[in-house]
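# Notes for the structure review
Spelled out, the chains give:
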Amino acid sequence: MLPTIEWKGRHIRMIDQRKLPAKVEWVVCKSDRDVVKAIKSMVIRGAPAIGVAAAMGLSLSAEAIQADAYDTFARRFRESASRMLKARPTAVNLRWAVERMTLLVERMAGRDPEEIRIALREESEKILSEDVEINRKIGEHGQSIVPRKAVILTHCNAGSLATGGYGTALGVIRAAHEAGKKIEVIADETRPWLQGLRLTAFELMEDGIPVTVIADNAAGSLMRQGKVDLVITGADRIAANGDVANKIGTYQVAVLARENKIPFYVAAPLSTIDLRIPSGERIPVEERDATEISHFRKIRVGPPGVKIFNPAFDVTPGRYVAGIITEKGIVRAPYPKQIKKLFKNGCHLVEGIEKV
Ligand code: MRU
């Protein structure tokens with residue numbers, strides 16, 4: 001699989017996911033502002049990938065800050081961090097990465113900015129490589145719940161492209177496939193950005209994993225006909241009570257899975273769990289531009305002036321979730337208690353600052 005994002009000397013290169021699979025093009029980011037723009041405009045998307053991009057973007061920012069004194073450097077770094085935080089609101093991995101980088105700057109208080117720049121670059125490289133390792137662990141744990149022969153439905157793209165590599169939901173599917181299980185995937189097309197059709201199908205076909213794409217509104221009918229054994233999706237943010245924010249349409253898939261007695265699993269790293277948010281109602285849901293619905297590839301398909309509502313995510317209550325597959329294992333209900341157990345020393349997001 002092509003690398004989603006990587007360092008190329010002093011710049012960052014990311015694959016332009018808006019163009020896939022028709023064209024494989026790269027976007028080069030030379031500044032933190034370029035990275036913010038890339039995240040906002042969906043060049044790079046998917047919760048863990050956004051987190052990795054934010055960390056790398058802050059390293060670029062540190063390189064550009066012209067300050068010899070720690071205080072000036074730290075102040076300008078914090079300004080850049082707060083711009084980065086605003087790039088997209090729902091995926092908490094972005095905040096997690098920004099806080100991890102900011103914490104590093106705070107821990108190095110009083111040190112030479114040049115030393116801090118080096119440490120930030122290394123930290124961003126670590127965040128990227130750790131993410132791939134984490135996904136492999138999610139895959140190992142998750143494949144244990146996949147039968148030897150299974151049709152798995154997934155929504156959106158929680159694959160290599162949505163992460164540093166390998167994927168979360170697709171990581172589980174890949175691990176099951178690598179373990180010799182006979183896996184077939186049904187990918188919801190995922191309107192309006194078509195992450196399922198363009199990205200999930202593309203990734204799985206490259207790996208030789210059989211995939212069939214359906215219109216989003218076909219999922220219920222297929223489940224009712226007994227054509228789906230298991231649902232696995234990724235997540236953008238998981239509240240402390242196990243409520244899951246993911247791509248718009250996930251909620252209806254989860255409800256339909258319950259109605260048809262099909263287990264609905266979520267695969268996500270700990271960096272997607274937000275212990276500060278007690279339940280899903282508090283998760284900020286991004287609303288995107290109306291033209292994503294009214295237009296198709298810049299061609300207007302809706303009547304001019306039509307009122308559009310375009311939430312990019314929805315929240316699935318934890319009661320629909322059979323298990324959350326993390327790098328530490330599979331968490332099951334009761335979620336508030338079990339999720340808390342995952343984090344030994346309080347909240348990992350701001351370790352040492354905030355205790356839960
Ligand atoms: O708008 P996107 O494409 O960034 O939304 C992505 C999703 O909803 C994914 O399912 C989620 O981030 C999990 S990615 C491992």
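Heads up: these notes are all about the structure in this document. What you are looking at is a predicted structure, and each value in this text was computed from that prediction instead of being measured. (Residues numbered from 1 in each chain as written. Predicted model: local features only at pLDDT ≥ 70, side-chain atom pairs only at ≥ 80, totals over all residues. Heavy atoms only, no water.)

### Notes on the sheet that holds strand β11 (residues 273–274)
Within the open sheet, the 4 strands sit side by side as β11-β8-β9-β14. Their pairing is mixed. The open sheet is flanked by β11 and β14 (313–316), the only strands paired with a single partner. Two strands pair when backbone bridges link them, and strand β8 (residues 237–239) and strand β9 (residues 244–247) are joined in this way by 2 bridges, in the antiparallel orientation. From the neighbouring strand, Arg237 faces β9, where its bridge partner is Ala245. Where helix α9 (residues 250–259) meets the sheet, its contacts fall on β9 and β14, and the angle it forms with β14 comes to roughly 30 degrees. (Pairing = 2+ DSSP bridges. Helix = DSSP H or I, 4+ residues; strand = E, 2+ residues; numbered from the N terminus. Contact = heavy atoms within 4.5 Å. Axes fitted to C-alpha atoms, helices over the stretch in contact; angles between N-to-C directions.)

### Section: the packing of helix α2 (residues 47–64) against helix α3 (residues 70–85)
Where α2 contacts α3, the two axes come as close as 10 Å, and the packing angle between them is 145 degrees. In the packing of α2 onto α3, the handedness of the crossing is right-handed. Along the contact surface, α2 presents Ala54, Gly57, Leu58, Ser61 and Ala62, while α3 presents Phe73, Phe77, Ser80, Ala81 and Met84. A breakdown of the residues in the contact of α2 with α3 according to their chemical character gives 7 nonpolar, 3 polar and no charged. (Left-handed = near helix turned anticlockwise from the far one by under 90°. Nonpolar A, V, L, I, M, F, W, Y, C, P; charged D, E, K, R; others polar.)

### Some remarks on the side chain of His295
Within the fold, His295 resides in strand β12 (residues 295–296). The exposure class of His295 is buried, given its relative accessible area of 18%. There is a polar contact of 2.7 Å between the side chain of His295 and the side chain of Ser294. Those residues in contact with His295 that sit more than four places away from it in its chain are Arg300 and Val301. (Buried < 20%, exposed > 50% of the residue type's maximum accessible area, 1.4 Å probe, protein only. Polar contact = N/O pair within 3.5 Å; in protein donor to acceptor, adjacent residues only side chain to side chain.)

### Regarding the nonpolar core
Of all hydrophobic cores here, the largest spans 45 residues; its most connected members are Ile5, Ile12, Met14, Ile39 and Leu120. For this core, the elements supplying multiple residues, two or more each, are β1 (5–8), β2 (11–15), α1 (32–40), α2, α3, α4 (92–107) and α5 (113–143). Top element by residues in this core is α2. It accounts for 11 residues. In this structure Ile5 touches Ile12, Arg13, Met14, Ile44, Val52, Ala53, Met56 and Leu128, once residues within four positions along its chain are discounted. (Core = buried A, V, L, I, M, F, W, Y, C linked by side-chain atoms within 4.5 Å.)

### Some words on the pairing of strand β6 (residues 211–214)
Every regular strand shows the same layout, with side chains that alternate between the two sheet faces. As paired elements, strand β5 (residues 182–188) and β6 share 4 bridges and run parallel to each other. Considered in β6, the bridge of Val185 is made with Val211. As for the winding sense of the linkage, the β-α-β connection from β5 through helix α7 (residues 195–207) to β6 is right-handed. (Right-handed = clockwise from strand over helix to strand, strands pointing away.)

### Notes on the pattern of salt bridges
Applying the stated rule across the entire model yields 21 salt bridges. For Arg95, the salt bridge is made with Glu99, and the minimal N-O distance between the two is 3.8 Å. Taken together, the residues span about one helical turn, with Arg95 and Glu99 both in helix α4 at a distance of 4 residues. With relative accessibility at 17%, the residue Arg95 sits in the buried group. Put simply, Glu286 and Arg288 hold a salt bridge, and the shortest N to O gap is 2.8 Å. Using a relative accessible area of 15% as the deciding quantity, one classes Arg288 as buried. One network of salt bridges, with partners in common, ties together Arg95, Glu99, Arg237, Asp274 and Arg276. (Salt bridge = Lys/Arg side-chain N within 4 Å of Asp/Glu carboxyl O.)

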